[in-house]
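Reading the structure
Read off the chains here:
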Amino acid sequence: MAHVDLSLSEVFAPAAGTPTEQESDNFEQWSSTVSHAAEPCLLIDADTTVVAISSSGCELLCLGAPEDVIGRPLLDGGLRLVDFTANSSELTEQETDKIPPLLALHSGRLARGLLRVQEPGTDAPGTTVDAISTPVLADDSVAGSLTFFSVV
């Protein structure tokens, strides 16, 4: 299970005369961060389109290369989610609506859950992945969700 420690060593205050407005919005900053991250992570927009995904995220989720996934809907981009039964059946639409990236997007709250990802074209049982998602805000409304993954 992933563990994150945060330590602040000093207060980051802008210098006098420095504008306090961000040069780009929160969503754009996360997009850049996710694209360059070493950790498996994913950023989707309010329409569930993949805006950014790390290379390790693509590898973990069996999605190929980031450029093959970016701009496509999350669930239409090759992501194959299966249930935890011995048959490894694909999840229904009702079940996929409850996966953490979509749940955080629709609820506006943190979401966490286990996913079973199966590589397309195989009958292997799949990889179990822990997903932790948070809504990403832009102009005080939910613009997307950010998800970090780890293998269980």
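So, the overall build of the protein
For the protein, the helix and strand inventory stands at 5 helices and 6 strands. Counted from the first residue to the last, the protein has its helices and strands arranged as α-β-β-α-α-β-α-α-β-β-β. Here the protein holds 152 residues, and the buried ones make up 37% of them. Put simply, 44% of the contacts in the protein that link residues at least 6 apart link residues at least 24 apart.

Comments concerning the sheet that holds strand E4 (residues 111-117)
If you walk across this open sheet you meet the 6 strands as E2-E1-E6-E5-E4-E3, and the pairing is antiparallel. Edge positions in the sheet fall to strand E2 (50-53) and strand E3 (81-82), since each has one partner strand and no second. As paired strands, strand E1 (residues 41-45) and E2 are joined by 3 bridges and run antiparallel to one another. Considered in E2, the bridge of leucine 43 is made with alanine 52. Sitting on the sheet, helix H1 (residues 26-36) touches E1, E2, strand E5 (127-138) and strand E6 (141-151), and the angle it makes with E1 is about 150°.

Points about H1
Listed in full, the buried residues belonging to H1 are Phe27, Ser31 and Val34. Mapping the buried residues of H1 onto a view down its axis gives an arc of 75°, with all of them on the same face.

Things to note about the pattern of salt bridges
Enumeration over the complete set of coordinates arrives at 2 salt bridges. Of the charged contacts in the structure, one is a salt bridge between arginine 80 and glutamate 90, with a shortest N-O distance of 3.2 Å. On the criterion of sequence distance, the pair formed by arginine 80 in the loop between helix H3 (66-69) and E3 and glutamate 90 in the loop between E3 and helix H4 (93-96) is long-range, its members being 10 residues apart. A salt bridge links aspartate 130 to arginine 112; its shortest N-O distance comes to 2.6 Å. On the criterion of sequence distance, the pair formed by aspartate 130 in strand E5 and arginine 112 in strand E4 is long-range, its members being 18 residues apart. Classification of aspartate 130 by relative accessible area gives buried; the value is 6%.

Things to note about the environment of isoleucine 53
Along the chain, isoleucine 53 turns up in strand E2. Classification of isoleucine 53 as buried rests on a relative accessible area of 2%. Each residue touching isoleucine 53, except ones within four places of it in the same chain, is listed here: Val34, Ser35, Cys41, Leu42, Cys58, Leu61, Leu63, Pro66 and Ile70.

Details of the environment of aspartate 68
For aspartate 68, the location among the structural elements is in helix H3. As a C-alpha pair, aspartate 68 and glycine 78 span 10 residues in sequence and 9.5 Å in three-dimensional space.

Cut-off values and rules
- Residues numbered from 1 in each chain as written.
- Predicted model: local features only at pLDDT ≥ 70, side-chain atom pairs only at ≥ 80, totals over all residues.
- Heavy atoms only, no water.
- Helix = DSSP H or I, 4+ residues; strand = E, 2+ residues; numbered from the N terminus.
- Buried < 20%, exposed > 50% of the residue type's maximum accessible area, 1.4 Å probe, protein only.
- Contact = heavy atoms within 4.5 Å.
- Pairing = 2+ DSSP bridges.
- Axes fitted to C-alpha atoms, helices over the stretch in contact; angles between N-to-C directions.
- Arc of directions from axis to C-beta.
- Salt bridge = Lys/Arg side-chain N within 4 Å of Asp/Glu carboxyl O.

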